[in-house]
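Chain residues, written in single-letter form:
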Amino acid sequence: MQSDNVRARTMKFSEVIGQETARDRLLQMVDDGHLPHAVMLCGPQGCGKMALAMAFASYMLGERRGTGRQEQGKDTPQEAGPDNFMMMPVAAPKPSTANIEAMLDKMEHPDLHFTYPVIRPTGTSSEHKMVSSDFARQWNEMILESPYFTIDQWLERMDAANQQAQIGAGESDELTRKLSLKSSQGGYKVSIIWLPERMNQECSNKILKLLEEPPAKTVFIMVSEEPERLLETIRSRTQRIDIKRIDNDAIEEALVEKRGIDRDNAHRIARAANGSWDKALEALDSNNERHLFLEMFIQLMRKAYTRDVKEMKHWSEETASYGRERQKRMLTYFGHMIRENFIFNFRKPELNYMTEEEEQFSRNFAKYINEANVIEISELLARAQRDIAQNANAKIVFYDLALQMIVLLIKK
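Residues numbered from 1 in each chain as written. Predicted model: local features only at pLDDT ≥ 70, side-chain atom pairs only at ≥ 80, totals over all residues. Heavy atoms only, no water.

## Things to note about the packing of aromatic side chains
Then, number 1: Per the stated rule, a full pass over the model turns up 21 aromatic pairs.
Then, number 2: When the centroid spacing of 6.4 Å and the interplanar angle of 50° are considered together, the rings of Phe13 and Phe56 count as tilted. A residue pair is termed long-range when its members are at least 10 positions apart, and Phe13 in the segment before α1 (20–32) and Phe56 in helix α2 (residues 49–60) qualify at 43 residues.
Then, number 3: On the basis of relative accessibility, which here comes to 4%, the residue Phe13 falls in the buried class.
Then, number 4: On the accessibility criterion, Phe56 (1% relative accessible area) is buried.
Then, number 5: Relative to Phe346, the ring of Phe342 has its centre 5.5 Å away and its plane inclined at 85°; by these criteria the two rings are edge-to-face.
Then, number 6: Residue Phe346 is classed as partly exposed on the basis of its relative accessible area, which comes to 44%.
Then, number 7: Feature note: the residues Phe297, Tyr305, Trp315, Phe334, Phe361, Phe365, Tyr368 and Phe398 constitute an aromatic cluster, connected by ring pairs. (Phe/Tyr/Trp six-rings, centres within 6.5 Å; stacked < 30°, edge-to-face > 60°. Helix = DSSP H or I, 4+ residues; strand = E, 2+ residues; numbered from the N terminus. Buried < 20%, exposed > 50% of the residue type's maximum accessible area, 1.4 Å probe, protein only.)

Dropping the structure here:
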């Protein structure tokens, strides 16, 4: 996984890429003394929800530098108290403050609790209720490398293979126990729940009870990509903040400043990333998954055009060997490329969001995606993705997809 130079440093708001509006809203809640006991940050993958959550947690637990608001005079130290979350002096920090910042540097503050989906490794007793702490080492390594990551990168860290990660009842029991304890540092306890939509029913019900009767001086920060999958009763007990995609300009600046990319390439990458820092980082890696998906897309379209049924079977067998999460991501990418190739025919570059490599292929291929077939191809890909999500036989799904593509590509 790509690192964006935040390792071994406290996560501060000034290190979050873009998202100034969301940052200011969170800080204003604290300034006004109106912080709810549960906040839910919702937004697409790669927009920086987790980065915001970690920065906000650090802020509440004692980190007072680097909010990005010093120039507005809003980072002035205040006296500690229940309404200002242990505001600490900026200059010449006391030893206790230095200790807090040292703990936050490693994201190991005793009053900061992370909850996240996990798998059950092969050989683990069925009697053991899996909890986040079972993978604490892998989690800590990942968040210190970068607060920008995906569920797929997390699954890879856990060596998940084809397993689906979830948050089970054991986790809610463990979190209830932790939050019932008194604050170690005398301030607030912060519980960050990453992808709460992956909680099973039993866990959801227990978390709901926690939200209905929150432990004293506890703030929950939920980080969600699919909030509609959560119980309505859970959603109704949180203050939802929608996090938009990152502005292209902010991604471009971050690529130049953090990664040393020249301005022209940074501009192209930022546009293709479409508001996702994860995708921007992927574009810097020649061996990234997007490159693999492009190769598989090109193979599919060429084999469909030449009606090479035998090679199509080989193609479907190869794609079937991927894990289901990767298969779903690949089909999403195929849908993106169909859209981009259809738009490419209008000859308006400002409407296209492709890498240079993708554009090179599209120059010759785009003419085969037109008004007669673009909707049917998109629907075909959507059905295949639904079938994969429902655990259909991947070889059959992809072979059928490839065969149907033969007919659709010749439509004009």
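## Description of the pattern of salt bridges
Then, number 1: The full count for this structure, using the stated rule, is 27 salt bridges.
Then, number 2: Of the charged contacts in the structure, one is a salt bridge between Arg177 and Glu174, with a shortest N-O distance of 2.9 Å. Taken together, the residues span about one helical turn, with Arg177 and Glu174 both in helix α6 (residues 169–180) at a distance of three residues.
Then, number 3: For Glu174, a relative accessible area of 21% corresponds to the partly exposed category.
Then, number 4: Note that Arg268 and Glu359 form a salt bridge whose closest N and O atoms lie 3.6 Å from each other. Placement of the pair is Arg268 in helix α10 (residues 263–273) and Glu359 in helix α15 (residues 356–365), with a sequence separation of 91 residues.
Then, number 5: On the basis of relative accessibility, which here comes to 31%, the residue Arg268 falls in the partly exposed class.
Then, number 6: What makes Glu359 partly exposed here is its relative accessible area of 21%.
Then, number 7: Each of the salt bridges in this network shares a partner with another, and the network as a whole consists of Lys129, Asp173, Glu202 and Lys206. (Salt bridge = Lys/Arg side-chain N within 4 Å of Asp/Glu carboxyl O.)

## Let's talk about the packing of α1 against α2
Then, number 1: Relative orientation of the contacting elements α1 and α2 amounts to 25°, with a least axis distance of 11 Å. Classified by the angle their axes make, α1 and α2 are roughly parallel. Relative to α2, α1 is oriented so that their crossing is right-handed. Residues Ala22, Arg23, Leu26, Leu27, Val30 and Asp31 of α1 touch α2, and the partners they reach there are Leu52, Phe56 and Tyr59.
Then, number 2: Residues that form the contact of α1 with α2 fall into these classes: seven nonpolar, no polar and two charged. (Axes fitted to C-alpha atoms, helices over the stretch in contact; angles between N-to-C directions. Parallel < 35°, antiparallel > 145°, perpendicular 65-115°, else oblique. Left-handed = near helix turned anticlockwise from the far one by under 90°. Contact = heavy atoms within 4.5 Å. Nonpolar A, V, L, I, M, F, W, Y, C, P; charged D, E, K, R; others polar.)

## Overview of helix α7 (residues 201–212)
Then, number 1: Between its first and last C-alpha, α7 extends 17 Å over twelve residues, near the 16 Å set by a 1.5 Å rise per residue.
Then, number 2: By the burial criterion, the buried members of α7 are Cys203, Ser204, Ile207, Leu208, Leu210 and Leu211. Within α7, the buried residues cover an arc of 160° as seen down the axis, which keeps them to one side. Projecting away from the buried face of α7 at angles above 90 degrees are the exposed residues Gln201 and Lys209.
Then, number 3: Where α7 is buried, its residues touch β1 (38–42), α6, β4 (218–224) and α8 (232–235). (Expected span 1.5 Å × (residues − 1). Arc of directions from axis to C-beta.)

## Quick look at the nonpolar core
Then, number 1: Counting 65 residues, the largest nonpolar core has Met50, Phe114, Trp139, Ile192, Trp194 and Trp277 as its most contacted members.
Then, number 2: Examining the composition of this core, we find that ten residues originate from one element, α2, more than from any other.
Then, number 3: Membership of the second largest hydrophobic core comes to 41 residues, among which are Met296, Met337, Ile338 and Leu408. (Core = buried A, V, L, I, M, F, W, Y, C linked by side-chain atoms within 4.5 Å.)

## Comments concerning the pairing of strand β2 (residues 112–115)
Then, number 1: Neither face of β2 is open: one carries Leu112 and Phe114, the other His113 and Thr115, and all of them are buried.
Then, number 2: Pairing of β2 with strand β3 (residues 189–194) involves four bridges; the strand directions are parallel. Looking across to β3, one finds that Phe114 is bridged to Ile192. (Pairing = 2+ DSSP bridges.)

## Quick word on the packing of helix α12 (residues 289–306) against α15
Then, number 1: Where α12 meets α15, the closest approach of the two axes is 11 Å, and the angle between their N-to-C directions is 15°. Here α12 lies roughly parallel to α15, going by the angle between them. Of the two elements, α12 crosses α15, and the hand of that crossing is left-handed. On the side of α12, the interface is formed by Arg290, His291, Leu294, Glu295, Phe297, Ile298, Met301 and Arg302, while α15 contributes Glu357, Glu358, Phe361 and Phe365.
Then, number 2: Residue composition of the contact of α12 with α15, by class: six nonpolar, one polar and five charged.

## Remarks on the side chain of Asn140
Then, number 1: Within the secondary structure layout, Asn140 lies in helix α4 (residues 136–145).
Then, number 2: In this structure Asn140 comes out as buried when scored by relative accessible area, which is 16%.
Then, number 3: Not counting residues up to four positions away in its chain, the partners in contact with Asn140 are Lys106, Met107 and Glu108.

## A few points about the sheet that holds β4
Then, number 1: One open sheet holds the five strands; their spatial order is β2-β3-β4-β1-β5, and the pairing between them is parallel. Of all strands in the sheet, those bounded by a partner on one side alone are β2 and β5 (239–242). Taken pair by pair, the neighbouring strands of this sheet meet at an average axis angle of 20°, ignoring direction.
Then, number 2: Bridge count between β1 and β4: five bridges; the pairing is parallel. Opposite Cys42, over in β4, you have Ser224 as the bridge partner.

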